[in-house]
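Here are the chains, one letter per residue:
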Amino acid sequence: MENWNKIADQKNLTEGPTWIEGRGLLYSECSASLTWLWDYKKKTNEVWRRNTGGSNGMILDVEGKLYACEGEARRVVSYEEGLETELISDYFEGMAFNEPNDLAVHPNKKVIWFSDPNYGGRKLSISHESVYLLIKEPQKWSVQRVTFNTDRPNGVLLSKDLKKLYVANSPHDFENESIRRELRSYDIKPDFTLGDYEVMHDFGPARGVDGMTLDSKGNIVATAGFKKGGPGPMIYYFEPDGRVVKTFEAPEDSPTNCTFGGDNLDTLYVTFATGAVYELINSGSVSYTHLRAHETRHDL
């Protein structure tokens, strides 16, 4: 039995867990347009930011700058302490994005990949649901489409060696068996666009990967599954080539995302569609040592 401890129980789906060294865990309550801070010293939850445009996935770069996908507002932004928001991108070829969901930032701080599915049910703004590449130029961020074969891409994650982008292809049409829920690995080209992909894991008719993070060895820890079918709500532990090392049952339905935190970065934090947030204290069965090569946690 894994050592799960519930630290929050919000009214709506939670996402985007991001550990802030010395402070605690930031996470999104998407439909409420709130970003919460769980203060790990006080053991309390407090609103860190309001009116977030349905913020979902969040990530820090190597210098501690916080980026977010605002799904409802259809844009990618960065946040500063307080109310400051920097717009990164909100249009592709003159059309508003569908629902930016998750993002990965290169250590060079000049490259961002993000997914743009349409889980919110609004009419598509862009006819395809793709992964995009943002490149920082002197005056602005340029944007280009880099996947042409995705159906509602969800979580994205950069590999430890910076050569692969892991993409969760996670459509919600569970009645259509021709659409696969897959964890994919895309080759990253020298210009940061994406090449061919390999299917690392096929979830078939079950709910596939939603969010994911890396450990210190470059292994993938991913949230997937639900009670409606398949093996149920699970945490998956993959090697970089996709081999499943371990799975273990999540304490609530539909886990959405995860990250590492705590004083020693050895505690796994998991958000859920139920609104809950849990911490999984290292029980020794899996090494939860957070990868520090890509992002160093800073105070905001």
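We now turn to the structure provided with this report. Numbering of residues starts from 1 in each chain and follows the order in which that chain's sequence is written. Owing to the predicted nature of the model, reporting of local features is limited to residues with pLDDT of at least 70; listing and counting of side-chain atom pairs is limited to 80 or more, with chain, interface and lining totals taken over all residues. Values reported for side chains reflect all heavy atoms of the structure, with hydrogen atoms and water molecules removed beforehand.

What follows concerns the overall build of the chain. Runs of H or I in DSSP of at least four residues are treated as helices and runs of E of at least two as strands, each being numbered from the N terminus. From N to C terminus, the chain includes zero helices and 26 strands. Throughout, the radius of gyration refers to the C-alpha atoms, and the reference size of a globule is 2.2 Å times the residue count to the power 0.38. For 300 residues, the compact-globule estimate of 2.2 N^0.38 gives 19 Å, and the chain sits close to it at 17 Å. C-alpha atoms of the chain, sized along the principal axes, occupy 50 × 45 × 35 Å. Using a 1.4 Å probe on the protein chains alone, a residue whose accessible area is under 20% of its type maximum counts as buried, one over 50% counts as exposed, and one in between counts as partly exposed. When burial is assessed residue by residue, the chain has 57% of its 300 residues classed as buried. The long-range fraction of contacts in the chain, counting pairs at least 24 apart against all pairs at least 6 apart in sequence, stands at 48%. As displayed, the chain offers around 12,500 Å² of accessible surface, 45% of which is attributable to carbon and sulfur atoms. We call two residues in contact when some of their heavy atoms are within 4.5 Å. The Shrake-Rupley method, run with a 1.4 Å probe sphere, supplies the accessible areas, and residue values consider only the shown protein chains as cover.

This next bit is on the sheet that holds strand β12 (residues 103–105). Two strands are said to pair when DSSP picks up at least two bridges between them. Spatial ordering of the open sheet is given by β12-β13-β14-β15, a layout of four strands whose pairing is antiparallel. Every other strand in the sheet has two partners, leaving β12 and β15 (141–145) as the edge strands with one partner each. Each strand of the sheet is rotated relative to its neighbour by a mean of 20 degrees, with strand direction disregarded. Only the stretch in contact is used when fitting a helix axis, every axis being a line fitted to C-alpha atoms; angles between N-to-C directions are given from 0 to 180 degrees.

Pairing in this open sheet of four strands is antiparallel, and the strands run β2-β3-β4-β5 from one edge to the other. Only two strands of the sheet have a single neighbouring strand rather than two, namely β2 (14–20) and β5 (44–50). The sheet shows a mean angle of 25 degrees between the axes of neighbouring strands, taken without regard to direction.

At Ser33, a position not held by glycine, the phi torsion is positive, near 55 degrees. Along the polypeptide, Ser33 turns up in the loop between β3 (24–29) and β4 (34–39). A positive phi angle, near 50 degrees, is found at Glu93, a position not held by glycine. Relative to the elements of secondary structure, Glu93 occurs in the loop between β10 (91–92) and β11 (95–96).

Empty space among the atoms becomes apparent when a probe as large as a water molecule is rolled across them. With a 1 Å grid laid over protein atoms only, a set of points is called a cavity when a 1.4 Å probe fits there but cannot get out and a pocket when it is open yet has protein on both sides within 12 Å along at least five of seven lines; lining residues have an atom within 4 Å of a point. Grid points are joined across faces, edges and corners, and a volume is the space filled by probe spheres set on the points. Looking at the largest pocket, its volume works out to about 430 Å³. If you go around the largest pocket, you meet 21 residues; those closest to its centre are Leu13, Asn56, Glu99, Tyr119 and Gly120. In terms of residue class, the lining of the largest pocket is built from five nonpolar, 10 polar and six charged. For this classification, Asp, Glu, Lys and Arg are treated as charged, while Ala, Val, Leu, Ile, Met, Phe, Trp, Tyr, Cys and Pro are nonpolar and the rest, including Gly, are polar.

The analysis is restricted to geometry; functional conclusions fall outside its scope.
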